[in-house]
Amino acid sequence: DRVTIYLPMIPEAAFAMLACARIGAIHSVVFGGFSPDSLAGRIADAESDVIVTADEGLRGGKKIPLKANVDAALDKVSAKTVIVVTRTGADVDMQPGRDFRYEEEAARVHADCPYAEMDAEDPLFILYTSGSTGKPKGALHTTGGYLVYTSLTHELVFDYREGDVYWCTADVGWVTGHSYIVYGPLANGATTLMFEGVPNYPSVSRFWEIIDKHKVDIFYTAPTAIRALMAAGEAPVKKTSRKSLRLLGSVGEPINPEAWEWYHRVVGEGRCPIVDTWWQTETGGVLISPLPGAIDLKPGSATRPFFGVAPEIVDPLGNVLQGACEGLLVIADSWPGQMRTVYGDHERFAQTYFSAFPGKYFTGDGAKRDSDGDYWITGRVDDVINVSGHRLGTAEVESALVAHAKVSEAAVVGYPHDIKGQGIYAFVTLNQGVAASEHLRKELVHWVRHEIGPIATPDIVQFAPGLPKTRSGKIMRRILRKIAEGEFGALGDTSTLADPGVVEELVKERPKPPIH
């Protein structure tokens, strides 16, 4: 059976995951920031019979109507049972025979729950990740290899020692929360800290106060949080002690050297090594990262592969490049934490990851290797953008925009954003007779938030009378990326376009990116 877990960052989220693992059910955790539509799609794809949710979530002082979102999702798809955890005590609709209160049910059952014996290759969980085509992919991880890999990487990459208090600030709705809040640390008997909230509420010292309160030894967060806190200056950090800290980590996207230096100098006071970890939902655990004390640190570089990991850099034709070079990052051999399939669609698994360079796993990332042999991740090379460390398929955002009654066509690209790493830039063509207006722009931004969730909120919407297309009708996203980045001199050859005049129009009308 599949169980969809849609909970805030409360201990019950970990309980629910571990309970599934114990009885041999396959969990599918959906981030609590996703909309009812996104949730419904994930329930339907996994064919989950059971949903575990809460009455509401709390985030930065705001309430998130989780149970109401589940009800809205279940208007579109069906499930047999909904278990509701009480978080805020809000009054929520309960459907008799389908909805059950967690606290009441827990009081009725025996505390002893026999475990199910699992094979190493039995599924442990499904986790949905954005693809370059619209529909999210259910990455399936199995029991033995995944647990071996998360526990070993947690121990060695973070130099975990018995008695350490370890804090990863991710949400369990993402793979980092699975591997490095729940499974890796707990397999090693670590004390793992779960945080419900945001780094800047009620004050921008929140992270550092928690580190002091709980004497955190190891701290693992994302560059987007570091950049946001960096913008608030050094004072909120320096008013705390942070003397318990021994090691810092970074995850989710490449960390820019300025943020790395600030994290090292201000947060770690120059005494804590930083492990800049590169990995993906699909990889289960860290593939490239420094090992503290053993590998020289370089700001912005993920440095070296973990034991047994075989990265290669190839050119677009698949030729393996030697020495210092830049190209596409592939992994030439298998490792224990690797996903085994796309749930319910093995063909898509083979197509997405193994067809570009046969016999090798294609990461979808670009990378360069320097003369010391260290790896630097340069970012996505497919139609996936990385917003605040969260992967979003551009096709997903485009589909949401096109679903609006006034939109005829949309193309979405990433552009450099000071805080989030990448922002979302949407080019939108309206239906004939519909006039562009500031009111409509706001309406479209709100529409996407509602369709997918707040993480997909477009930062810039540019109304475009036409989009640059080849004569065969393919939208040239390469050109749109350059326009979004403001690199008008690097548009390349536009002569193959069906209407080259479209590009001049877009350049002329490009809105100024907001100051962050």
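None of the values given here were measured: they were computed from a predicted structure.

## Quick word on the overall build of the protein
Reasoning step 1: Along the backbone of the protein there are 15 helices and 24 strands.
Reasoning step 2: Here the C-alpha atoms of the protein give a radius of gyration of 23 Å, agreeing with the 24 Å that 2.2 N^0.38 yields for 516 residues.
Reasoning step 3: Reported as C-alpha extents along the three principal axes, the dimensions of the protein are approximately 70 × 60 × 50 Å.
Reasoning step 4: Counting all 516 residues of the protein, 53% fall into the buried class.
Reasoning step 5: By sequence separation, contacts in the protein at least 24 residues apart represent 68% of the contacts at least 6 residues apart.
Reasoning step 6: For the protein, the accessible surface area stands at approximately 21800 Å², while carbon and sulfur atoms represent 53% of it.

## Digging into the pairing of strand 20 (residues 384–387)
Reasoning step 1: Across the two faces of strand 20 the burial is the same, with Val384 and Asn386 and Ile385 and Val387 all buried.
Reasoning step 2: As defined by bridge partners, strand 20 adjoins strand 21 (residues 390–393) across four bridges and the pair is classed as antiparallel. The residue bridging Asn386 from the neighbouring strand is Arg391, located in strand 21.
Reasoning step 3: Count of turn residues in the strand 20/strand 21 antiparallel hairpin: two residues, of which Ser388 carries a positive phi of about 50°.

## Points about the domain arrangement of the protein
Reasoning step 1: When the domains of the protein are assigned, the result is domain 1 (2–117), domain 2 (141–379) and domain 3 (388–509).
Reasoning step 2: The distance between the C-alpha centroids of domain 1 and domain 2 comes to 28 Å.
Reasoning step 3: Between domain 1 and domain 2, the contact holds 21 residues from the first and 17 residues from the second.
Reasoning step 4: Together, the buried faces of domain 1 and domain 2 total about 1800 Å²; carbon and sulfur atoms form 67% of this surface.
Reasoning step 5: In terms of surface lost to domain 2, no three residues of domain 1 exceed Met9, Met17 and Phe31, which account for 39% of the buried area on that side.

## Structural notes on the packing of helix 5 (residues 144–157) against helix 6 (residues 175–187)
Reasoning step 1: Between helix 5 and helix 6, whose axes approach to 8 Å, the crossing angle comes to 85°. Considering the angle they form, helix 5 stands roughly perpendicular to helix 6. Note on element contacts: helix 6 touches helix 5 through His178, Ser179, Tyr180, Tyr183, Gly184, Pro185 and Ala187, opposite Tyr146, Leu147, Thr150, Ser151, Thr153 and His154.
Reasoning step 2: Tallied by class, residues from the contact of helix 5 with helix 6 come to six nonpolar, seven polar and no charged.

## Considerations on the state of the cysteines
Reasoning step 1: Going through the model one piece at a time under the given rule, you end up with zero disulfides.
Reasoning step 2: Of the cysteine sulfurs around Cys168, a residue in no disulfide, the closest is that of Cys272, at 17 Å.
Reasoning step 3: Exposure remark for Cys168: the relative accessible area of 1% places this residue in the buried category.

## Overview of the layout of surface pockets
Take a probe with the size of a water molecule and roll it over the atoms, and the empty space left behind shows itself.
Reasoning step 1: Considered as a void within the structure, the second largest pocket measures approximately 810 Å³ in volume.
Reasoning step 2: Ranked by the residues each element gives to the lining of the second largest pocket, the list is headed by helix 1 (residues 11–23), at seven residues.
Reasoning step 3: A breakdown of the residues in the lining of the second largest pocket according to their chemical character gives 16 nonpolar, one polar and five charged.

## Thoughts on the packing of helix 14 (residues 477–485) against helix 15 (residues 501–509)
Reasoning step 1: Between helix 14 and helix 15, the shortest axis-to-axis distance is 10 Å and the interhelical angle comes to 20°. Considering the angle they form, helix 14 stands roughly parallel to helix 15. Every pair of crossing elements has a handedness; the one defined by helix 14 and helix 15 is right-handed. Touching Ile479, Leu480 and Ile483 of helix 14 are Val503, Leu506 and Val507, all from helix 15.
Reasoning step 2: Of the residues belonging to the contact of helix 14 with helix 15, the class tally is six nonpolar, no polar and no charged.

## Structural notes on the packing of aromatic side chains
Reasoning step 1: All told, the structure shown has 28 aromatic pairs when counted by the stated rule.
Reasoning step 2: Judged by centre distance (5.0 Å) and plane angle (35°), the rings of Phe306 and Phe307 are tilted.
Reasoning step 3: The class of Phe307 is exposed, set by a relative accessible area of 51%.
Reasoning step 4: Members of the aromatic cluster, joined through ring pairs, are Phe158, Tyr166, Tyr180, Tyr220 and Trp279.

## Remarks on helix 15
Reasoning step 1: Buried residues of helix 15: Val502, Val503 and Leu506, and no others. What you see down the axis of helix 15 is that its buried residues fit within an arc of 100°, all on one side. Structural note: helix 15 exposes Glu504 and Lys508 on the side pointing more than 90 degrees away from its buried face.
Reasoning step 2: Where helix 15 is buried, its residues meet strand 23 (421–430), strand 24 (460–463) and helix 14.

## Concerning helix 12 (residues 394–402)
Reasoning step 1: Burial analysis of helix 12 places seven of its nine residues in the buried class, which makes it a mostly covered element.
Reasoning step 2: Taken as a whole, helix 12 has its buried residues at Thr394, Ala395, Glu396, Val397, Glu398, Ala400 and Leu401.

## Quick word on the nonpolar core
Reasoning step 1: Counting residues in each nonpolar core, the largest one holds 100 residues, and the members touching the most others are Ile5, Phe158, Tyr220 and Leu401.
Reasoning step 2: Grouped together as the second largest cluster of nonpolar side chains are 25 residues, Val237, Leu245, Trp262 and Ile274 included.

## Section: the sheet that holds strand 1 (residues 2–6)
Within a sheet, each strand pairs with its neighbour through backbone hydrogen bonds, oriented either parallel or antiparallel.
Reasoning step 1: Strand order across the open sheet formed by eight strands is 7-6-3-1-2-8-9-17, with mixed pairing between neighbours. Both outer strands of the open sheet, strand 7 (99–101) and strand 17 (341–342), are each paired with one neighbouring strand and no more.
Reasoning step 2: With six bridges connecting them, strand 8 (residues 123–129) and strand 9 (residues 137–142) associate as antiparallel partners. Counterpart to Pro123 in the pairing with strand 9 is Thr142.

## Things to note about the environment of Ser130
Reasoning step 1: Looking at the secondary structure, you find Ser130 in the loop between strand 8 and strand 9.
Reasoning step 2: Sequence separation between Ser130 and His390 is 260 residues, and the spatial gap between their C-alpha atoms is 9.0 Å.
Reasoning step 3: What Ser130 contacts, discounting residues up to four positions off in sequence, is Lys137, Val384, Arg391, Leu392, Gly393 and Glu396.

## A look at the pattern of salt bridges
Reasoning step 1: All told, the structure shown has 33 salt bridges when counted by the stated rule.
Reasoning step 2: Put simply, Asp164 and Arg246 hold a salt bridge, and the shortest N to O gap is 3.0 Å. A residue pair is termed long-range when its members are at least 10 positions apart, and Asp164 in the loop between helix 5 and strand 10 (165–168) and Arg246 in the loop between helix 9 (235–238) and strand 13 (247–250) qualify at 82 residues.
Reasoning step 3: A salt bridge links Lys469 to Glu409, with the shortest nitrogen-to-oxygen separation between them at 2.8 Å.

## Some remarks on a nonpolar patch on the surface
Reasoning step 1: Together, Leu152, Leu156 and Phe307 line one region of the surface with nonpolar side chains, adding up to about 260 Å² of accessible area.
Reasoning step 2: Mapped onto the elements, Leu152 comes out in helix 5.
Reasoning step 3: Classification of Leu152 by relative accessible area gives partly exposed; the value is 35%.

Rules behind the numbers
- Numbers given for residues are sequential positions, taken from 1 along each chain in its written order.
- Only residues with pLDDT of at least 70 get local features here, since the model is predicted, and only at 80 or more are side-chain atom pairs given and counted; chain-wide, interface and lining totals rely on the full set of residues.
- The side-chain quantities take in all heavy atoms of the structure and omit both hydrogens and water.
- For the purposes of this entry, the term helix denotes a DSSP run of H or I that reaches at least four residues, the term strand denotes a run of E that reaches at least two, and both are numbered from the N terminus.
- In this setup the radius of gyration rests on C-alpha atoms only. A globule is expected at 2.2 Å times the number of residues raised to 0.38.
- Burial classification: accessible surface area is computed with a 1.4 Å probe over protein chains only, and a residue below 20% of its type maximum counts as buried, one above 50% as exposed, and the rest as partly exposed.
- Any two residues whose heavy atoms approach within 4.5 Å are treated as being in contact.
- In this description, accessible areas are obtained by the Shrake-Rupley approach with a 1.4 Å probe, and a residue is regarded as covered only by the protein chains that are shown.
- A pair of strands is considered paired only if DSSP assigns at least 2 bridges between the two.
- Where each domain begins and ends is defined by an automated method or by a domain database.
- Summed over both partners, the accessible area (1.4 Å probe) lost when two parts come together is defined as the buried area.
- The axes used here are C-alpha line fits, helices contributing only the stretch in contact, and every angle between their N-to-C directions lies in the interval 0 to 180 degrees.
- Each angle is binned into one of four classes, with values under 35 degrees roughly parallel, values over 145 roughly antiparallel, values of 65 to 115 roughly perpendicular, and all other values oblique.
- Here the term charged refers only to Asp, Glu, Lys and Arg, the term nonpolar to Ala, Val, Leu, Ile, Met, Phe, Trp, Tyr, Cys and Pro, and the term polar to all other amino acids, Gly among them.
- A pair of sulfur atoms, both from cysteines and within 2.5 Å, is called a disulfide here.
- Definitions used for this entry: grid spacing 1 Å over protein atoms alone; cavity, a set of points where a 1.4 Å probe fits but cannot get out; pocket, an open set with protein on both sides within 12 Å along at least 5 of 7 lines; lining residue, one with an atom within 4 Å of a point.
- Grid points are joined across faces, edges and corners, and a volume is the space filled by probe spheres set on the points.
- Helix crossings fall into two classes, left-handed where the near helix is turned counterclockwise from the far one by less than a right angle and right-handed where it is turned clockwise.
- Any two rings among Phe, Tyr and Trp, with Trp reduced to its six-membered ring, count as a pair given centres within 6.5 Å; such a pair is stacked if its planes are under 30 degrees apart, edge-to-face if over 60, and tilted if neither.
- The arc in question is traced by the directions running from the helix axis to the C-beta atoms.
- Side-chain atoms within 4.5 Å are what join buried Ala, Val, Leu, Ile, Met, Phe, Trp, Tyr and Cys residues into a set we call a nonpolar core.
- Here, a salt bridge means any side-chain nitrogen of Lys or Arg that lies within 4 Å of a carboxyl oxygen of Asp or Glu.
- Excluding any residue in a salt bridge, patches collect residues exceeding 30% relative accessible area, merging like charges within 9 Å and nonpolar Val, Leu, Ile, Met, Phe, Trp and Tyr side chains within 5 Å.

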